[in-house]
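Residue-level listing of the chains:
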Amino acid sequence: MLDVAKVDEALKLLASKKRYRFNAYQVAYLSGNEDVNLVYQYLLTREPYVLTRSFEVLCPNDHSTATYSKIEDIPHKWIECRYCTEEFVPDLDRIYIVFDFTPSYLNSISQEKDEKKSFHPVLI
Ligand SMILES: [Zn+2]
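The written sequence of each chain sets the order in which its residues are numbered from 1. Owing to the predicted nature of the model, reporting of local features is limited to residues with pLDDT of at least 70; listing and counting of side-chain atom pairs is limited to 80 or more, with chain, interface and lining totals taken over all residues. Neither water nor hydrogens contribute to the side-chain values; these are computed over all heavy atoms in the structure.

Asker: In this structure, what is going on with the coordination of the zinc ion? I would like to understand it.
Answerer: A four-donor tetrahedral metal ideally has 109.5 degree angles, and a six-donor octahedral metal ideally has angles of 90 or 180 degrees. Sodium, potassium and calcium take a 3.2 Å donor cutoff, other metals 2.8 Å, and in both cases only N, O and S atoms count; water is not among them, so sites may look incomplete. Taken together, the protein ligands of the zinc ion are Cys59 (SG), His63 (ND1), Cys81 (SG) and Cys84 (SG), with distances of 2.1 to 2.3 Å. Site shape is set this way: if four donors have all angles between 85 and 135 degrees, tetrahedral; if opposite donors are over 155 degrees apart and all others between 65 and 115, square planar for four donors and octahedral for six; otherwise irregular. Note that the zinc ion binds 4 donor atoms; their angles at the metal cover 99 to 115°, and the shape is tetrahedral. In terms of primary sequence, the donors binding the zinc ion are separated according to C-x3-H-x17-C-x2-C. Of the two residues, cysteine 59 sits in the loop between β2 (51–58) and β3 (64–68) while cysteine 84 sits in the loop between β4 (79–80) and β5 (87–88), which places them 25 residues apart along the sequence. Think of it this way: any DSSP run of H or I at least four residues long counts as a helix, any run of E at least two long counts as a strand, and we number them from the N terminus.

Here it is in C-alpha cells:
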C-alpha cells in the first residue's frame, strides 16, 4: 500500500525548498515509499492541478537535451544533442519523466506559509 500522506508531505517539502522539477524516484525516496511505480501512478493522479508532467529526451551520453510536454511530440528523427552535439534518434526507453508544480499549487503553499507567520496565538 502506498502511504499517500507521506507522498503529499514530500511534495510540500519539495515545493517549500523550491525544488520545482523532480521525478518519481526522488519522491519515492523522500517519502520512504519503496515502490517507485506506485508513487508514479499516484503522481499522475495529481495532474493537472498540482503537477504537470514533461518528457526529457536523453542523448546516448545521458544528457537531458530536450523537454516535451507530450510524449507524442517527441520527434522520430535525428536530433542533435545540445551538449555533446551527438546526433541520435530519441528512444522511448531513454526518456526521463519529470514533474513540475503548477503555479496555483505553489501559490497555495506560499499562502499557507504566510498564514502560519501571521498567526499569533493568544494565551490566556
Ligand atoms: Zn549529449
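Asker: I keep staring at the pattern of salt bridges and nothing clicks. Help me out?
Answerer: Opposite charge on two side chains allows them to pair when their charged atoms are near. The salt bridge criterion pairs a side-chain nitrogen of Lys or Arg with a carboxyl oxygen of Asp or Glu, the two atoms within 4 Å. This model, assessed by the stated rule, comprises 7 salt bridges. Its salt-bridge partner being arginine 53, residue glutamate 47 comes within 3.5 Å of it at the nearest N-O pair. The classification of residues rests on relative accessible area computed with a 1.4 Å probe and restricted to protein chains. Under 20% of the type maximum is buried, over 50% is exposed, and intermediate values are partly exposed. By relative accessible area, which is 26% here, glutamate 47 ends up partly exposed. Through salt bridges with shared partners, a single network forms among Arg21, Glu56 and Asp100.

Asker: What is the right way to look at the pairing of β2 in this model?
Answerer: Regular strands show a simple pattern: their side chains alternate between the two faces of the sheet. Of all the 8 residues making up β2, 6 are buried; the element is thus mostly covered by neighbouring parts of the structure. Between any two strands, at least two bridges found by DSSP are needed for them to pair. Direction of pairing for β2 relative to strand β6 (residues 95–101): antiparallel, over a ladder of 7 bridges. Following the sheet pairing, glutamate 56 is matched in β6 by tyrosine 96. Inspection of the sheet shows β2 paired to β3 by 4 bridges, in the antiparallel sense. Counterpart to phenylalanine 55 in the pairing with β3 is tyrosine 68.

Asker: What's the story with helix α3 (residues 36–45) in this structure? I'm lost.
Answerer: Residues three or four positions apart in an α-helix share a direction because the helix packs 3.6 residues into each turn. Restricting attention to buried positions, one finds in α3 the residues Val39, Tyr40, Tyr42 and Leu43. The buried side chains of α3 occupy one side of the element, clustering within an arc of 165° when seen end-on. Contact between two residues is taken to exist if any of their heavy atoms lie within 4.5 Å; hydrogens are not considered. Buried positions along α3 lie against α1 (4–16), α2 (24–31), β2 and β6. We call two N or O atoms a polar contact when they sit within 3.5 Å, provided that within protein one can donate a hydrogen and the other can accept it, with sequence-adjacent residues counted only if both atoms are side-chain atoms. Its side-chain oxygen at 3.1 Å from the backbone nitrogen of asparagine 37, aspartate 35 defines the N-terminal cap of α3. This arc is built from the directions going out from the helix axis to the C-beta atoms.

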